[in-house]
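The chain contents come next:
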Amino acid sequence: MAGRDDTAAIEAIRVAAVPLTGDENDWDALMELIGDAPIVLLGEASHGTHEFYRARAEITRRLITEKGFSAVAVEADWPDAYRVNRYVRGAGTDVSPDGALGGFVRFPQWMWRNTDVVELVAWLRAHNDALPDGAPRVGFYGLDLYSMFGSIQAVIQYLEGVDPEAARRARQRYGCFHRVGGEDPQAYGYAAELGITDACVDEAVHQLHELREQATRMGGDEGGVAEDEHFYAEQNARLVKNAEEYYRSMFAARVSSWNLRDCHMADTLDALLRHFAGKGIAPKVVVWEHNSHLGDASATEMGEEGEWNVGQLVRERHGDDARLIGFSTYTGTVTAASEWDAPAERKRVRPGMEDSFEKLLHETGIPDFFLPLRDSGPAADALREARLERAIGVIYKPETERWSHYFHARLSDQFDAVIHYDTTRALHPLERTPQWESAEPPETYPTGI
């Protein structure tokens, strides 16, 4: 409620906060909070903030080197991320991190084609190259399902190399999608859901079942490359099946496309964990996604409206084996677009609104800090009261910010910890548009809204 007295809450947060100074020991408290948990979800309050990407990279490096984490899984399409996976593990044909990220051509490119991710990919490759022969390499995987047609092509390409007759059957089945929607998955979803043409449900399901049966016949190849490549193809086939339902659901009131998408991402994470365990590799994964996906939805107003997300599903499935870490900023700049498929811009982030968590964390006067919330205490209790929370995605509309980007949440129930950067900077895309270059704010910013 507006006008509440936050004096006690601000003081409690000051006492519990661990300042971040850029020191190499900044993340010691977080490492202690993570303990032996094999699943760490690292959020972000926007899809275009440098400090969030930098911090997640620093934390990820420590999880890999100190706790033996075996993979990074991100809010990206499976085939595009798998190209990066091949590169960091010393396979594939790409010769540089930039080249390995070349699959990310769909909007919003900057989410993964940016300078921070290039540095992470380079580090992963160098880390893997330094491992002894036979040691498991750290992987890089995508959890999302937007790549329906890219995944169709990936399945066919895999089968052409191992079973040309199976590739012919797959091409015939998947031809249904091209007849209905061309190369546009939304056009497919619209036509299929409205009954303009038949849906391709059966074809997608049959192809997935055939690949799974093939995996059973294969058995295993002692955890080698063939098993990994079949797993890659099978996940692409599962993605096609789920994407088919997702794109139809976008035009149907009876199913939440959000729930389908997040369930797919949670299922993909579980598939990765099973795959690693089956190969004798430590099933430990660090996930990079937006706060809206990784914070427990049951602690938000979206959860009250019937939506769930990856964070909630992971908690329900894995319990204390997971840690959910949120991120926050009060003001600064962000890389975002003004509408879907529009050019990337460097936009000013308005100061956090009254009665928001962003404003409350700003009022502590601590520029950057880590705040543990797992254990009961004055700070966690204060942040269990519902307040506004900001979420900036790939689109940022400051002129309608309250309705476009804020929702009510209970922060202590949503996350196990929060990392707050009071003033943040826009992510640097590899492809910088004129809109991004010309939007450099003056050095005196911020001076107000």
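Residues numbered from 1 in each chain as written. Predicted model: local features only at pLDDT ≥ 70, side-chain atom pairs only at ≥ 80, totals over all residues. Heavy atoms only, no water.

## Observations concerning unusual backbone geometry
Thinking step 1. Of the consecutive residues F107 and P108, the connecting peptide bond is found in the cis state with omega at 0°.
Thinking step 2. Checked against the element boundaries, P108 lands in the loop between α5 (97-100) and α6 (115-129).
Thinking step 3. Here D341, not a glycine, exhibits a phi torsion of approximately 70°, which is positive.
Thinking step 4. On the secondary structure map, D341 appears in the loop between β6 (322-336) and β7 (345-349). (Helix = DSSP H or I, 4+ residues; strand = E, 2+ residues; numbered from the N terminus.)

## Points about the layout of surface pockets
Thinking step 1. Estimates place the volume of the largest pocket at around 830 Å³.
Thinking step 2. Breaking the lining of the largest pocket down by element, the ones donating at least two residues are β3 (71-77), α12 (257-278), α13 (291-294), α18 (401-405) and β10 (406-409). (1 Å grid on protein atoms, 1.4 Å probe; cavity = no way out; pocket = protein on both sides within 12 Å on 5 of 7 lines; lining within 4 Å. Points joined across faces, edges and corners; volume = space filled by probe spheres on them.)

## Digging into the confidence of the model for the protein chain
Close inspection of predicted coordinates is inappropriate for parts of the model with low pLDDT.
Thinking step 1. For the protein chain, the average pLDDT comes to 93, and 95% of its residues sit at 70 or higher.
Thinking step 2. Considering only residues more than four positions removed or in separate chains, one finds that residues 442-449, a stretch of pLDDT under 50, has nine contacts. (pLDDT = per-residue confidence, 0-100. Contact = heavy atoms within 4.5 Å.)

## A look at a nonpolar patch on the surface
Thinking step 1. On the surface, Y190, L194, I196, M250 and F251 cluster together into a nonpolar patch covering about 470 Å² of accessible area.
Thinking step 2. On the secondary structure map, Y190 appears in helix α9 (residues 185-193).
Thinking step 3. For Y190, a relative accessible area of 41% corresponds to the partly exposed category. (Patch = residues over 30% accessible without salt bridge, like charges linked within 9 Å, V, L, I, M, F, W, Y side chains within 5 Å. Areas by Shrake-Rupley, 256 points an atom, 1.4 Å probe, with all protein chains shown as cover. Salt bridge = Lys/Arg side-chain N within 4 Å of Asp/Glu carboxyl O. Buried < 20%, exposed > 50% of the residue type's maximum accessible area, 1.4 Å probe, protein only.)

## A closer look at the environment of V138
Thinking step 1. Looking at the element boundaries, V138 is found in the loop between α6 and β4 (139-144).
Thinking step 2. Accessibility expressed as a relative area gives 4% for V138, which makes it buried.
Thinking step 3. It is 7.0 Å that separates the C-alpha atoms of V138 and R89, two residues lying 49 residues apart in sequence.
Thinking step 4. Sequence-distant contacts of V138, that is, excluding residues within four places in its chain, are made with I64, F69, S70, A71, V88, R89, L124, H127 and N128.

## What about the nonpolar core?
One broad trend across soluble globular proteins is that nonpolar side chains are buried collectively.
Thinking step 1. Membership of the largest hydrophobic core comes to 74 residues, with the highest contact counts inside it found for Y174 and F177.
Thinking step 2. Apart from the residues within four sequence positions on either side, Y174 is in contact with I152, V155, I156, A204, Q207, A237 and V240.
Thinking step 3. Ranked by size, the runner-up nonpolar core spans 51 residues in total, among them L33, F69, V84 and V286. (Core = buried A, V, L, I, M, F, W, Y, C linked by side-chain atoms within 4.5 Å.)

## Some words on helix α4 (residues 78-88)
Thinking step 1. Here α4 lies mainly inside the structure; nine of its eleven residues are buried.
Thinking step 2. Listed as buried for α4 are W78, P79, D80, A81, Y82, V84, N85, Y87 and V88.
Thinking step 3. After α4 finishes, the residue G90 shows a positive phi value of roughly 80°.

## Let's talk about the packing of aromatic side chains
Thinking step 1. Per the stated rule, a full pass over the model turns up 17 aromatic pairs.
Thinking step 2. Here F52 and F327 contribute two aromatic rings whose centre-to-centre distance is 5.5 Å and whose plane-to-plane angle is 65°, an arrangement assigned as edge-to-face. With F52 in helix α3 (residues 50-67) and F327 in strand β6, this pair connects stretches of sequence that are 275 residues apart.
Thinking step 3. Of the residues examined, F52 reaches a relative accessible area of 0% and is grouped as buried.
Thinking step 4. An aromatic cluster is defined as three or more aromatic residues linked by ring pairs; in this entry it consists of W78, Y82, Y141, F231, Y232 and F276.
Thinking step 5. The lysine or arginine in question, R56, covers the ring of Y53, its NZ or CZ lying 4.6 Å from the ring centre.
Thinking step 6. Lying across the ring of Y87, R125 places its NZ or CZ 4.8 Å from the centre. (Phe/Tyr/Trp six-rings, centres within 6.5 Å; stacked < 30°, edge-to-face > 60°. Lys NZ or Arg CZ within 6 Å of the ring centre and 35° of its normal.)

## Side note on the pairing of strand β2 (residues 39-42)
Thinking step 1. Alternating positions in β2 separate into two faces, I39 and L41 on one and V40 and L42 on the other, with burial throughout.
Thinking step 2. Of the strand pairs in this sheet, β2 and strand β5 (residues 285-288) are connected by four bridges, and their pairing is parallel. Looking across to β5, one finds that L41 is bridged to V287.
Thinking step 3. The sheet contact formed by β2 and β6 spans four bridges and is parallel. (Pairing = 2+ DSSP bridges.)

## A few points about the side chain of N242
Thinking step 1. Along the chain, N242 turns up in helix α11 (residues 225-249).
Thinking step 2. In contact with N242, other than residues within four places in its own chain, are L145 and H264.

## Remarks on the side chain of T331
Thinking step 1. Locating T331 in the fold gives a position in strand β6.
Thinking step 2. A polar atom in the side chain of T331 sits 2.7 Å from the backbone oxygen of V349. (Polar contact = N/O pair within 3.5 Å; in protein donor to acceptor, adjacent residues only side chain to side chain.)

## A few points about the pattern of salt bridges
Thinking step 1. One pass over the structure, following the stated rule, counts 39 salt bridges.
Thinking step 2. D320 serves as the salt-bridge partner of R374, at 2.7 Å between the closest nitrogen and oxygen. Within this pair, whereas R374 is found in the loop between β8 (368-372) and α17 (378-382), its partner D320 is found in the loop between α15 (310-318) and β6, the two being separated by 54 residues in sequence.
Thinking step 3. Residue E401 is joined to R390 by a salt bridge in which the shortest nitrogen-to-oxygen separation is 3.0 Å. Separated by eleven residues along the polypeptide, E401 in helix α18 and R390 in strand β9 (residues 387-390) bring together distant segments of the chain.
Thinking step 4. A residue is classified by how much of its surface remains accessible, and R390, at 3% relative accessible area, is buried.
Thinking step 5. Each member of the salt-bridge network shares a partner with another, and the members are D296, R315, D320, R323, R374 and D416.

## Overview of α9
Thinking step 1. Taken residue by residue, α9 has P185, Y188, G189, A191, A192 and E193 as its buried positions.
Thinking step 2. Two or three places before Q186, at the start of α9, stands the capping residue D184, its side-chain oxygen 3.0 Å from that residue's backbone nitrogen.
Thinking step 3. Looking one or two residues beyond α9, the residue adopting positive phi is G195, at roughly 80°.

## Things to note about the packing of helix α7 (residues 148-162) against α11
Thinking step 1. Across the interface, α7 lies against α11 with an axial gap of 8 Å and an inter-helix angle of 145°. As for the relative orientation of α7 and α11, their crossing is left-handed in sense. Seen from α7, the contacting residues are M148, S151, I152, A154, V155 and Y158; seen from α11, they are E229, H230, Y232, A233, N236, A237, L239, V240, A243, E244 and Y247.
Thinking step 2. Of the residues in the contact of α7 with α11, the class split is twelve nonpolar, three polar and two charged. (Axes fitted to C-alpha atoms, helices over the stretch in contact; angles between N-to-C directions. Left-handed = near helix turned anticlockwise from the far one by under 90°. Nonpolar A, V, L, I, M, F, W, Y, C, P; charged D, E, K, R; others polar.)

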